[in-house]
Amino acid sequence: MGVAETRISQLQDRVAGLGVPASAWNAKNRAAAIERLQSMGLPAPRDEYWRFTDPKSLNAIEAPNAALFDPKETDVFDTVDGLEIVFVDGVFDAAASDDLSGLNMSIERLSDAEGQDAHWAAECYGTLEAIGQTPVQRPFAALNTAYATDGMLIHVTGKVEKPVNITYRHANETSDAILHHVIKLEEGAELTLLENGPAAARFNKSCEVFVADRATFHHVRTQGRDHERRAVTHIFADLGTESVFKSFTLTANGALTRNECVLRLNGDDATAHVAGASVGDGDFHHDDTVFITHDAVGCESRQVFKKVLRNGATGVFQGKILVKPDAQKTDGYQISQSLLLDDDSQFLAKPELEIYADDVACSHGSTSGAIDEEALFYLCSRGVPKDQATDLLTLAFLAEAVDEIESDTLSDLIVEKLEGWLERHRQ
Amino acid sequence: MLEIKNLQVSLAEEDKEILKGVDLTVEAGKVHAIMGPNGSGKSTLSYVLSGKDGYEVTGGSASLDGEDLLELEPEERAAAGLFLAFQYPVEIPGVGNMTFLRTAVNAQRKARGEDEMSAAEFLKVVRERAKTLKIDADMLKRPVNVGFSGGEKKRNEILQMAMLEPKMCILDETDSGLDVDAMKLVSEGVNALRDEDRGFLVITHYQRLLDHIKPDVVHIMANGRIVKTGGPELALEVEQNGYADILAEVA
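Residues numbered from 1 in each chain as written. Chains lettered and ligands numbered in written order. Predicted model: local features only at pLDDT ≥ 70, side-chain atom pairs only at ≥ 80, totals over all residues. Heavy atoms only, no water.

Engineer: Let's hear about the sheet that holds strand E5 (residues 67-68) of chain B: which residues, and what values?
Structural biologist: Residue and element names in this part refer to chain B. Strand order across the open sheet formed by 4 strands is E2-E1-E4-E5, with antiparallel pairing between neighbours. Sheet topology places strand E2 (16-26) and E5 at the edges, where each strand pairs with a single neighbour. Where strand E1 (residues 2-11) and strand E4 (residues 55-64) come together, 8 bridges link them in antiparallel fashion. Along E4, the bridge assignment pairs Gln8 with Gly59. Its contacts with the sheet place helix H1 (residues 42-50) against E1, E2 and E4, and it is angled at close to 105° to E1. (Pairing = 2+ DSSP bridges. Helix = DSSP H or I, 4+ residues; strand = E, 2+ residues; numbered from the N terminus. Contact = heavy atoms within 4.5 Å. Axes fitted to C-alpha atoms, helices over the stretch in contact; angles between N-to-C directions.)

Laid out in C-alpha cells, this is it:
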C-alpha cells in the first residue's frame, strides 16, 4: 500500500464511528467537507506542517484516556456577567446554560438549527475552513466541519454588551468531542466571546468568524488544566474594512494542544491581533500554528506568543504572515518566545514571512531563554524570596502576550490564573 | 554591627583569589568609606556580603549583629537588614516599580514576622519618600529601571533603601554616572537615612561623594585587603596624591 492509500484507509477507520447529522441546509456543507477530508487523508508525522507535533493521538480511532482533574476553584470568568453556555464532554447542558437569547444577536445551537428547513449559516458553515485548506491542508478542521455534533451559531447585528461565555467541562475519561461554532458579525457589530475549560479527553473544535466592515470581535479563552487532555482547535476568520479581531488564549497543562488560527484581512485598514500565553510542566505539548494573510491595504496584524516550559515540556510555534501583492502599507508583527525553566524543556519555532508587496513593514522574532540571573539576584537582594522573584519575572515575561487582551477586567482574571499556576508549579 | 573577619574569596569558576583576608567592622550609626584602585576587590566585597552567586568564600566570616551572613540566602540577608545599592541597577522589563517595591517591603516584613503594609499605607509612604528624591509618579509606574537615566536609577536605589529601612547599607559606587546635581540629591537621600541605629559602608573611587556623605572612617583597599584605615583626611590624601604613595608606604 502506498502512503496515500495508508492515509485513506486510516481515515476510513478514524471516521467509521462518527455520524453526519441530517440537515436540509447543511448537508451539502457537510458532504463537501467529507470530500475535502477524503482527498487529503489524516496527517502524518513526516508532513511538514506536523513536523513538530505528532498527530498520532489525534489520528487514533479512540480518544486516549484522560484522567479527570478537579482544580477545586471557580471558573476563570465566573465573575463576568455574560451569557452562560455549558457543554459537558461536548454535549450541551441546558440546565447549566442561560436562555439562548440576547439583545442585538441571535444565538442557537447547531444541532437545533440543522433541523430547520433553512438557515443563515448555510452560506457560512465550512466556507472559511474550506478556504483555509490552501495553501496548507488542515485535515482536522475538515473532519470537524464534516462530523461536528453541535456548536453555537451566533449572528450579531449590533453591539452585544454582555460577553458570550462558553464553558467546556470534562466529565468522562474517554470523551471525544467535536464542536463547530459559526459567528457572523454584521457591519459595525461587536461581540466578546469567552471560552474556558478542558472540554473532553479529546476535543476537536472549530470556530469560523465572519467580521464585516467596522465590526469588532474580541475573544479570550483558557484551555483547562486537565493534564492528560488533548485538543486540536481551529479559528478561521475573515476581516472586512476597518474591522477588529483580537484573540487571546491561555493554555495551562494538557498532554497535547494544537491551536491553529487562520486569518484573512480582506478589507482595508483591518486589525488582527492573536496572542497566547501557555504554561506547561512535564508532559505538556503545546503548538500554536498561525497563518495570517494580508489581502488589503493598510492592515495591521500582530502575533504575540509566549511559553513557559519546565520539566521536559515542549512548545511549538509555526507562524506565517503572507502579504499579497496589493496589500501595501501592511504592518505585520510576529514574536514567539519561550522561557525554559530547566534544561529538559524545548521550544521549536518556525516563523515565516512571505511578502509580495513592496511597501510594507513586517518584523518577526523568536527567542528561547532562561530566567535572567542578574534580575533574579536584584529582586532577591531586596528581600523577595527566590521562588516569588522567579514568578514575578515569569509573569513579566508573559506580560506582552497578556497585554494583548483589551479588557483590564479580563486580563486581571488571566493574570490571577497565571499567578496561581506558577505558585503551584514552583521548583 | 557589620563584622568582617579575615574574609577570603575566590571566583567560583576559576581559581582566582579576589579577597585575601579582609577585616572590617562597621558600628551602628557610623559611615565607613572604602576607597581603592580598580580591581582591588571593592565591588566583590559588596557582592559577597549580599550573596551573589559566582563567588566562593574560602575563609573568614561576615556577620550582621552576630548573625552569620554567609550562611543566608540573599533574601534572608535583606530581611536581616542588609541592603546593597547597586553600582549598575538592573532593568527589569514587565515588573512595575511600585509592584516591586511593595513586594519587597512586604516580603521582608513577612520574613521578620511583621504585618504586611496595606496598599493605602504603602502608597502614602512611597509617595512621600519618592517626593524628596524627586521621583515622580511616572517613574513609580514604569517597569523597574527600564528607560531610567543613570541618575534616575541611583535615585531609585535610594528610594528602595528608604522604603526597606535596612540596618546596614552598602553603597557600591553610587556616585558613578552622576552629575553634580544628581550626586547632591542622592547624597541628601542617604544623609536623611543616617541614624544612630544604622551603619553605612560607602564604596567609591572619588573623594567627591564623601564631601556630601561625610564618613567617620576611611579605608583604603588594595589587592584584596584593607591596607590603610584613617579618618576623613585619608580621602583627601587620595584625592591629592592618588593611591601610589599609600600603596608604596604599606608595601
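Engineer: Explain the sheet that holds strand E7 (residues 190-196) of chain A residue by residue, including any values.
Structural biologist: All names here are of chain A. Spatially, E2-E1-E5-E7-E9-E11-E13-E15-E17-E19 is the arrangement adopted by the 10 strands of the open sheet, whose pairing is mixed. Each edge of the open sheet is held by one strand with a lone partner, namely strand E2 (91-92) and strand E19 (361-369). Across 8 bridges, strand E9 (residues 216-223) lies against strand E11 (residues 244-252) in parallel orientation. Looking across to E11, one finds that Thr216 is bridged to Val244.

Engineer: Go over the confidence of the model for chain B, please, and point to the residues and values.
Structural biologist: For chain B, per-residue confidence averages 93 on the pLDDT scale, and residues scoring 70 or more make up 100% of the total. Here the complex is predicted with pTM 0.93, and the ipTM for its interfaces comes to 0.96. (pLDDT = per-residue confidence, 0-100.)

Engineer: Lay out unusual backbone geometry with the relevant residues and their values.
Structural biologist: Peptide bonds are, in most cases, trans, and in most cases residues other than glycine have a negative phi. Cis geometry is adopted by the peptide bond preceding Pro135 of chain A, which originates at Thr134 of chain A and carries an omega value of 5°. With respect to the helices and strands, the residue Pro135 of chain A is situated in the loop between helix H5 (127-131) and helix H6 (139-147). Phi is positive for Lys72 of chain A, which is not a glycine, with a value near 55°. Relative to the helices and strands, Lys72 of chain A resides in the loop between helix H3 (56-59) and strand E1 (83-88). A positive phi angle, close to 50°, is found at Asn223 of chain B, a residue other than glycine.

Engineer: Any chance you could break down the interface of chain B and chain A for me, citing the residues and the numbers?
Structural biologist: Contacts between the two partners involve 27 residues from chain B and, on the opposite side, 16 residues from chain A. With both chains or domains summed, chain B and chain A bury close to 1,800 Å², and 70% of this area falls on carbon and sulfur atoms. When residues of chain B are sorted by the area they lose upon contact with chain A, Glu75, Phe86 and Val90 of chain B head the list and together hold 27% of the total. Inspection of the chain B/chain A interface yields 2 salt bridges. One salt bridge connects Glu374 of chain A with Lys52 of chain B, and the closest N-O pair in it is separated by 3.2 Å. For the pair chain B and chain A, the interface holds 10 residue pairs in polar contact (both at pLDDT 80 or more). Breaking the side of chain B that touches chain A down by element, the ones donating at least two residues are H1, helix H2 (74-79), strand E6 (82-85), strand E7 (92-96), helix H3 (97-111) and helix H6 (150-164) of chain B. Examining the composition of the side of chain B that touches chain A, we find that 5 residues originate from one element, H3 of chain B, more than from any other. (Buried area = accessible area lost by both parts, 1.4 Å probe. Salt bridge = Lys/Arg side-chain N within 4 Å of Asp/Glu carboxyl O. Polar contact = N/O pair within 3.5 Å; in protein donor to acceptor, adjacent residues only side chain to side chain.)

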